[in-house]
Amino acid sequence: LNHACNLRCDYCYNGDKFSRRMPWDIAKRTVDLALSGPRRRSQISFFGGEPLMEFDLLKRCVAYAEERAEALDRRVRFVLTTNGTLLAGKRLDFLLEHNFHIGVSLDGDKTAHDQFRLYPSGRSCHGRVARNVAEAVKQYPPLEVIAVVDPTTAHLVDESFQYIFDLGVRDVTFNMNYEGDWEDDVCDGLEAAVERLGEVY
């Protein structure tokens, strides 16, 4: 919905952040395209940047997609990937009301998360994201957490998983930062962390 984001994650693959909202005519054509295929079910995913910064555009897209899907006798599923900082209040209520699958980027405990995922000022967002995840998962148990594993945090995978699990999350995906420096000793640390996790579970 926009290339803008309220965080500045060092490993972000989307490049420099700048504000350029998707024009409504392109958003509308995108929805039309998603619903034009041969299948009766379509999925529309929202991401950014941070898609919840464009909440009004998100709502407009959803309303249009639901209207078009009904007219075409089709089903549409919505997915949203967010950094979790804005996942609360009316935004969360809207996502739940429209049966979104929600994926939140949270790299683990504060030590792991704060390595890369910070506000532009350098301030931590971990507390807010963790609180929002813990509240959201009470209302939406299938909530997914996507944790990025970097060479500097690989040895913390077991602790990161346990932290996320203790928030109530049961769907955790670890994504590797393939741009990182994966030296042999780092890989050994990752393997050891996974073995520790395996011993617990």
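This text follows the structure it describes.
Given the structure is predicted, the values throughout are model-derived calculations rather than measurements. (Residues numbered from 1 in each chain as written. Predicted model: local features only at pLDDT ≥ 70, side-chain atom pairs only at ≥ 80, totals over all residues. Heavy atoms only, no water.)

Comments concerning empty space enclosed by the protein
Scanning the entire structure with this criterion turns up one cavity of 30 Å³ or more. The calculated volume of the largest cavity comes to roughly 40 Å³. What lines the largest cavity is simply Asp-107, Val-148, Val-149, Thr-153, Leu-156, Val-157, Ser-160 and Phe-174. Looking at the lining of the largest cavity, the elements with two or more residues in it are strand S4 (144–149) and helix H6 (157–166). Residue composition of the lining of the largest cavity, grouped by class: five nonpolar, two polar and one charged. (1 Å grid on protein atoms, 1.4 Å probe; cavity = no way out; pocket = protein on both sides within 12 Å on 5 of 7 lines; lining within 4 Å. Points joined across faces, edges and corners; volume = space filled by probe spheres on them. Helix = DSSP H or I, 4+ residues; strand = E, 2+ residues; numbered from the N terminus. Nonpolar A, V, L, I, M, F, W, Y, C, P; charged D, E, K, R; others polar.)

Description of the packing of helix H1 (residues 24–34) against helix H2 (residues 55–71)
At a minimum axis separation of 10 Å, H1 and H2 run at an interaxial angle of 35 degrees. Viewed along their axes, H1 and H2 form a crossing whose handedness is right-handed. Of H2, the residues touching H1 (which contributes Trp-24, Ala-27, Lys-28, Val-31 and Asp-32) are Leu-57, Arg-60, Cys-61, Tyr-64, Ala-65 and Arg-68. Here the contact of H1 with H2 is composed, by residue class, of seven nonpolar, no polar and four charged. (Axes fitted to C-alpha atoms, helices over the stretch in contact; angles between N-to-C directions. Left-handed = near helix turned anticlockwise from the far one by under 90°. Contact = heavy atoms within 4.5 Å.)

A short note on the pattern of salt bridges
Counted by the stated rule, this structure contains six salt bridges. Among the ionic pairs, Arg-21 bridges to Glu-54, the shortest N-O distance being 2.6 Å. Placement of Arg-21 in the segment before H1 and of Glu-54 in the loop between strand S1 (41–46) and H2 is noted, with a sequence separation of 33 residues between them. The exposure class assigned to Glu-54 is buried, which follows from its relative accessible area of 8%. The salt bridge involving Arg-40 is made with Asp-73; its shortest N-O contact spans 3.2 Å. Here Asp-73 lies in the loop between H2 and strand S2 (75–82) and Arg-40 lies in the loop between H1 and S1, a separation of 33 residues in the sequence. For Arg-40, a relative accessible area of 52% gives the class exposed. (Salt bridge = Lys/Arg side-chain N within 4 Å of Asp/Glu carboxyl O. Buried < 20%, exposed > 50% of the residue type's maximum accessible area, 1.4 Å probe, protein only.)

Overview of the pairing of strand S3 (residues 101–105)
Of all five residues in S3, five are buried, a share of seventy percent or more. Alternating residues of S3 divide into His-101, Gly-103 and Ser-105 and Ile-102 and Val-104, and every residue in both groups is buried. Examined bridge by bridge, S2 and S3 share four bridges and lie parallel to one another. Following the sheet pairing, Val-79 is matched in S3 by His-101. The parallel pair S2 and S3 is bridged by helix H3 (residues 89–97), and the resulting crossover is right-handed. Where S3 and S4 come together, three bridges link them in parallel fashion. (Pairing = 2+ DSSP bridges. Right-handed = clockwise from strand over helix to strand, strands pointing away.)

Overview of the nonpolar core
Membership of the largest hydrophobic core comes to 47 residues, with the highest contact counts inside it found for Phe-46, Leu-58, Phe-100 and Leu-143. Broken down by secondary-structure element, the contributors of at least two residues to this core are H1, S1, H2, S2, H3, S3, helix H5 (126–139) and S4. With eight residues, the top contributor of residues to this core is H2. Contact partners of Leu-58, with chain neighbours within four places excluded, come to Leu-1, Phe-46, Leu-52, Leu-80, Phe-94, Leu-95 and Phe-100. (Core = buried A, V, L, I, M, F, W, Y, C linked by side-chain atoms within 4.5 Å.)

Some thoughts on helix H7 (residues 184–200)
In this model, H7 (17 residues) spans 25 Å end to end at C-alpha, consistent with the 24 Å of a helix rising 1.5 Å per residue. Among the residues of H7, those classed as buried are Val-186, Leu-190, Ala-193 and Leu-197. Buried residues of H7, viewed axially, fall in a sector of 60 degrees; they line one side. Opposite its buried face, H7 presents the exposed residues Asp-184, Asp-185, Gly-198 and Glu-199, each directed more than 90 degrees away. Of the surrounding secondary structure, the elements contacted by the buried residues of H7 are S4, H6 and strand S5 (171–176). (Expected span 1.5 Å × (residues − 1). Arc of directions from axis to C-beta.)

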